[in-house]
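Spelled out from the first residue to the last, the chains are:
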Amino acid sequence: MQLTTHETGPLDAQPSDRLFDQVSDPLWEFSPYPPIADYGFLSDCEVTALVAPGGSIEWMCLPRLDSPSVFGSLLDRDAGWFRFGPEDATVPADRRYLPGTMVLETSWNLGDGWIIVRDCLVMGPWRHSHPDRTTHVRPPTDYDAEHTLLRMVHCVGGAVQLTLDCEPAFDYGRRRGRWRHTEQGYHQAVIQPEGEDLALTLTSDIRIGLEGPSARARTLLREGDTRYCALSWGSRKPPKDYDEAYRRLTWTSHHWQHWLARGSFPDHRWRPYLSRSALTLKGLTFAPTGAIAAAATTSLPETPRGERNWDYRFSWIRDATFALWGLFTLGFEWEASDYFAFLTDVVERDEGNIRIVYGIDGRSDIDEHVLDHLHGYQGARPVRVGNAAHEQVQHDVWGVVLDSLYLHTRSRDRLDERVWQMARRQVEHALEHWREPDCGIWEIRSEPKHFTSSKLLCWVAADRGARMARLREDADTARMWQKAADEIHADIIANALDERGVFCQHYETTALDASVLLMPLLRFLPPDDPRIRATVLAIADELTRDGLVLRYRVDETEDGLAGEEGAFTLCSFWLVSALSEIGEHRRARDLCEKVLSYASPLLLYAEEIDPRSGRHMGNFPQAFTHLALINAVMHVVKNEQAAQRMAINGGATVSPRPD
């Protein structure tokens, strides 16, 4: 692994995390890799990018978010980058998103000068005239990705030396090309390695010099000066000058603001977290199909230099219920309908062989393999692409599908024949297999078990199926499925409780597992049932580290992997929701405030948080975490609103999730 001289972001000079005392490698203690939480996230709903604090694009896959990377220095410092910023500084004065947008603004105060850089993936008006000329299968909207990464700078005072350094490394860093100028002379260059279908065009009002695989430029900016550069791919022409670039950035900003304005957000101090979560989920949505990717990245480690490194650039079926609930709750019904359409497309196509995870285009062939040539983020290996979880047996999938169908039906107040036929097939599969062991919600890579959460979701399949049958006035089917739901319910009660009356991870253990926090959220038992209360409080008291929730304790669970892991942030948000359900409102509010305080400076979340250092770990940003955040925050907000109403007029609290 080579450490190149391009911008690497601020050094992570934090001492090695006490949670991982066995890790003493100086690459973790003094790393050229920026902390995961310090990255900014860009999206045009087809492509995503991560921007380091120092102004370098360090992760970007083309031509869509699950393609091989073009800029991959997030996983190896020599795997491609695109820096645009001041020459002699890597630590900005401030970073923020323009309010209500996915436009990232970075400010630099260099003592003798001040510049502001704005980055975005450009959104423009819909331009396709025929369905055969686009990959979109969802209904067209008024906007579309323009396949352009736009970077703009304004010098607001003094003088600053600006540099541009763009060195793509195609196919996860395995292939490089040579830039060549176009007829635009110094102001435009193109690169396309031999054998690659993808060509990149770099356009700028700065004179670009070429050095093999690198396109570089520098210029002195004085007060009032502006410059831009645009990296484009596809058929859309890049902006020809700064004024046109500015118009496109403005259009992009207005698009995001108009989209966010369609939502319904409470007038509450935590509204910014809800807004940023909504924008992040939209950014992780692949617009052509409506699928929501679990994260924008692959192989960001859950353990420093550990092996728990996975590719999350796919769409997990288990996210469906939470995605639909979150989108409906915030008023984004169009996006909920698009995601529901993606879900029903793959469920209908695959019938009895539903995978737990699909490609964002709906494909099921996402075989996992290792990229041995990459160093890995801070040395964490292996670096994986694809995900072998698609081959696992996980019985929660049928319940997730049924709950999603049920939520969608409630939102429409009707039950379509197509939806009903899908529901029938999924209930039948759940009832056929619920007695068998599986790999569980956490996708263990060891011997299958009778996981409580898997049985719970099989119960959900039968229970929601019975409810839908009653909506159809099919009394015989409703009775049959309700009887099956009651049998599964009784089996869980008989086998998953320990001597304390606490629900455990699986039938053969007394170990705790955060996934059983879904029990009150999915209405397995009333929230005031003593067994639910005991379970929630046991997890809060015994499955936490410094107040944050673990998935499970790795010394109690044989998951087929080595090493520790941090607290799973979505589990902490699940605990907030569960505490709210059982009436522990103050405790829920306090925990919610604590977990929100761990948000990145741009209000984003990775998969995990190290409770002792607050460092983010795992893939970033993670959709499931932001979905759980929406659920948790709305629980607390609605409880506070109910308490206010009770103080004024009397009344009872209202659960934010429909039964």
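Residues numbered from 1 in each chain as written. Predicted model: local features only at pLDDT ≥ 70, side-chain atom pairs only at ≥ 80, totals over all residues. Heavy atoms only, no water.

Q: Looking at this structure, I do not really get the overall build of the chain. What am I missing?
A: The helix and strand tally for the chain stands at 15 helices and 26 strands. Computed over C-alpha atoms, the radius of gyration of the chain comes to 25 Å, within 12% of the 26 Å expected from 2.2 N^0.38 for 659 residues, which places it in the range of a compact globule. Counting only C-alpha atoms, the chain reaches 75 × 60 × 55 Å along its principal axes. Counting every position in the chain, which comprises 659 residues, the buried fraction comes to 64%. Pairs at least 24 residues apart make up 67% of the contacts formed inside the chain by residues separated by at least 6 positions. Of the accessible surface of the chain, which amounts to about 24200 Å², a share of 47% is contributed by carbon and sulfur atoms. Side chains of the chain carry 72 positive and 97 negative charges; the gap between the two charge centres is 4 Å. (Helix = DSSP H or I, 4+ residues; strand = E, 2+ residues; numbered from the N terminus. Rg over C-alpha atoms; globule rule 2.2 N^0.38 Å. Buried < 20%, exposed > 50% of the residue type's maximum accessible area, 1.4 Å probe, protein only. Contact = heavy atoms within 4.5 Å. Areas by Shrake-Rupley, 256 points an atom, 1.4 Å probe, with all protein chains shown as cover. Lys, Arg positive; Asp, Glu negative; His and termini not counted. Charge placed at Lys NZ, Arg CZ, Asp CG, Glu CD.)

Q: Please explain the packing of aromatic side chains as it appears in this structure.
A: Where two aromatic rings form a pair, the distance of their centres and the angle of their planes describe that pair. Scanning all chains against the criterion turns up 17 aromatic pairs. For the ring pair Tyr-339 and Phe-342, a centre distance of 6.3 Å and an interplane angle of 20 degrees mean the geometry is stacked. Of this pair, Tyr-339 and Phe-342 both sit in helix 6 (residues 333–350), three residues apart, which is roughly one turn of that helix. Per residue, the accessibility class of Tyr-339 equals that of Phe-342, and both read buried. A connected cluster of aromatic rings, assembled from ring pairs, spans Phe-322, Trp-442, Phe-568, Trp-574 and Phe-624. Geometry around Trp-270 places Arg-269 over its ring, the cationic atom sitting 4.6 Å from the centre. The ring of Tyr-97 has Arg-276 lying over it, and the distance from NZ or CZ to the ring centre is 3.9 Å. (Phe/Tyr/Trp six-rings, centres within 6.5 Å; stacked < 30°, edge-to-face > 60°. Lys NZ or Arg CZ within 6 Å of the ring centre and 35° of its normal.)

Q: Honestly, the packing of helix 5 (residues 320–329) against helix 6 in this entry has me stumped. Any pointers?
A: The packing of two helices is summarised by the inter-axis angle and the distance between the axes. For the pair helix 5 and helix 6, interaxial distance at closest approach is 8 Å and the crossing angle is 160 degrees. By the angle between their axes, helix 5 is roughly antiparallel relative to helix 6. Crossing hand, helix 5 versus helix 6: left-handed. The segment helix 5 lies against helix 6, with Ala-320, Ala-323, Leu-324, Leu-327 and Phe-328 engaging Glu-333, Glu-335, Ala-336, Tyr-339, Phe-340 and Leu-343. (Axes fitted to C-alpha atoms, helices over the stretch in contact; angles between N-to-C directions. Parallel < 35°, antiparallel > 145°, perpendicular 65-115°, else oblique. Left-handed = near helix turned anticlockwise from the far one by under 90°.)

Q: Looking at this structure, I do not really get the nonpolar core. What am I missing?
A: Within soluble globular proteins, side chains that are nonpolar generally end up buried alongside one another. Grouped together as the largest cluster of nonpolar side chains are 202 residues, with contacts concentrated most on Met-60, Phe-82 and Trp-574. The element best represented in this core is helix 15 (residues 623–649), accounting for eleven residues. Residues contacting Trp-574, with those up to four places away along its chain left out, are Phe-322, Ile-441, Trp-442, Ala-514, Ser-515, Leu-517, Leu-518, Phe-624 and Ala-628. In this structure, Leu-98, Cys-120, Leu-150 and Met-152 belong to the second largest nonpolar core, which totals eleven residues. (Core = buried A, V, L, I, M, F, W, Y, C linked by side-chain atoms within 4.5 Å.)

Q: Please clarify how the packing of helix 12 (residues 530–542) against helix 13 (residues 569–581) should be interpreted in this entry.
A: Axis separation between helix 12 and helix 13 bottoms out at 10 Å; the angle between their running directions is 140 degrees. Judged by the inter-axis angle, helix 12 sits oblique to helix 13. Read as a crossing pair, helix 12 and helix 13 show a hand that is left-handed. Along the contact surface, helix 12 presents Val-536, Leu-537 and Ala-540, while helix 13 presents Leu-575, Ala-578 and Leu-579. Broken down by class, the residue content of the contact of helix 12 with helix 13 amounts to six nonpolar, no polar and no charged. (Nonpolar A, V, L, I, M, F, W, Y, C, P; charged D, E, K, R; others polar.)

Q: Would you mind going over the pairing of strand 6 (residues 94–97) with me for this structure?
A: Taken residue by residue, a regular strand's side chains alternate between the two faces of the sheet. Because side chains alternate across strand 6, one face comprises the buried residues Arg-95 and Tyr-97, and the other comprises Asp-94 and Arg-96, none of which is buried. Across four bridges, the pairing between strand 6 and strand 7 (residues 104–109) is antiparallel. The partner of Arg-96 across the bridge, within strand 7, is Glu-105. Once strand 6 ends, the chain turns through six residues before running back antiparallel as strand 7, passing Gly-100 with a positive phi of about 75 degrees. (Pairing = 2+ DSSP bridges.)

Q: Explanation requested: empty space enclosed by the protein in the structure shown.
A: With a probe scaled to a water molecule rolled over the atoms, the places where space remains empty come into view. In the structure shown here, the tally under the stated rule is seven cavities of 30 Å³ or more. Lining the largest cavity are 24 residues; nearest its centre among them are Tyr-312, Trp-442, Glu-443, Arg-551 and Glu-607. The volume enclosed by the second largest cavity comes to roughly 140 Å³. Lining the second largest cavity are 14 residues, and of these Thr-141, Tyr-143, Lys-282, Ala-287 and Asp-338 sit closest to its centre. (1 Å grid on protein atoms, 1.4 Å probe; cavity = no way out; pocket = protein on both sides within 12 Å on 5 of 7 lines; lining within 4 Å. Points joined across faces, edges and corners; volume = space filled by probe spheres on them.)

Q: What's the story with the sheet that holds strand 25 (residues 608–609) in this structure? I'm lost.
A: To summarise the sheet geometry, strands pair through backbone hydrogen bonds and adopt either a parallel or an antiparallel arrangement. Spatially, three strands are ordered 24-25-26 in an open sheet, and the strand pairing comes out antiparallel. Since the sheet does not close on itself, it has two edges, and those belong to strand 24 (567–568) and strand 26 (616–617), each with one partner.

Q: Can you walk me through the layout of surface pockets in this structure?
A: As a volume, the largest pocket reaches approximately 600 Å³. Taken together, 23 residues form the lining of the largest pocket, with Glu-46, His-128, Asp-144, Ala-145 and His-147 sitting closest to its centre. Looking at the lining of the largest pocket element by element, the count peaks at four residues for strand 9 (residues 143–167). A class-by-class count of the residues in the lining of the largest pocket yields six nonpolar, eight polar and nine charged.

Q: Sorry, what's going on with helix 7 (residues 396–412) here?
A: Between its first and last C-alpha atoms helix 7 spans 25 Å; for 17 residues at 1.5 Å apiece the expected length is 24 Å, and the two agree. The element helix 7 is largely enclosed, with a buried count of 14 among its 17 residues. (Expected span 1.5 Å × (residues − 1).)

Q: Sorry if this is basic, but what is going on with the pairing of strand 11 (residues 185–191) here?
A: With three bridges connecting them, strand 10 (residues 180–182) and strand 11 associate as antiparallel partners. Residue pairing in the sheet places His-181 in a bridge with Ala-189 of strand 11. Linking strand 10 back to strand 11 in an antiparallel pair, the connection comprises two residues. Two strands pair when backbone bridges link them, and strand 11 and strand 12 (residues 200–204) are joined in this way by four bridges, in the antiparallel orientation. Each residue of the ladder has a partner; that of Ala-189, found in strand 12, is Leu-202.

Q: Please explain the state of the cysteines as it appears in this structure.
A: A disulfide bridge is the covalent bond that connects two cysteines by way of their sulfur atoms. This model, assessed by the stated rule, comprises zero disulfides. Take Cys-61: it sits in no disulfide, and the sulfur closest to it among the cysteines is that of Cys-166, at 15 Å. You can call Cys-61 buried: its relative accessible area is 1%. In this structure Cys-439 is a free cysteine whose sulfur lies 14 Å from that of Cys-458, the closest cysteine sulfur available. Given the relative accessible area of 11%, Cys-439 is considered buried. (Disulfide = S-S within 2.5 Å.)

Q: Would you take a moment to explain the side chain of Gln-505 for this structure?
A: You can see Gln-505 is positioned in the loop between helix 10 (475–495) and helix 11 (518–521). In this structure the side chain of Gln-505 is engaged in a polar contact, spanning 2.9 Å, whose partner is the side chain of Asp-513. (Polar contact = N/O pair within 3.5 Å; in protein donor to acceptor, adjacent residues only side chain to side chain.)

Q: For this particular structure, what's the right way to read the pattern of salt bridges?
A: When the charged atoms of two side chains with opposite charge come close together, those side chains can pair. By the definition in use, this model includes 43 salt bridges. The salt bridge involving Glu-196 is made with Arg-175; its shortest N-O contact spans 3.4 Å. In this pair, Glu-196 sits in the loop between strand 11 and strand 12 while Arg-175 sits in the loop between helix 2 (170–173) and strand 10, placing the two residues 21 residues apart along the sequence. Judged by its relative accessible area of 18%, Glu-196 is buried. (Salt bridge = Lys/Arg side-chain N within 4 Å of Asp/Glu carboxyl O.)

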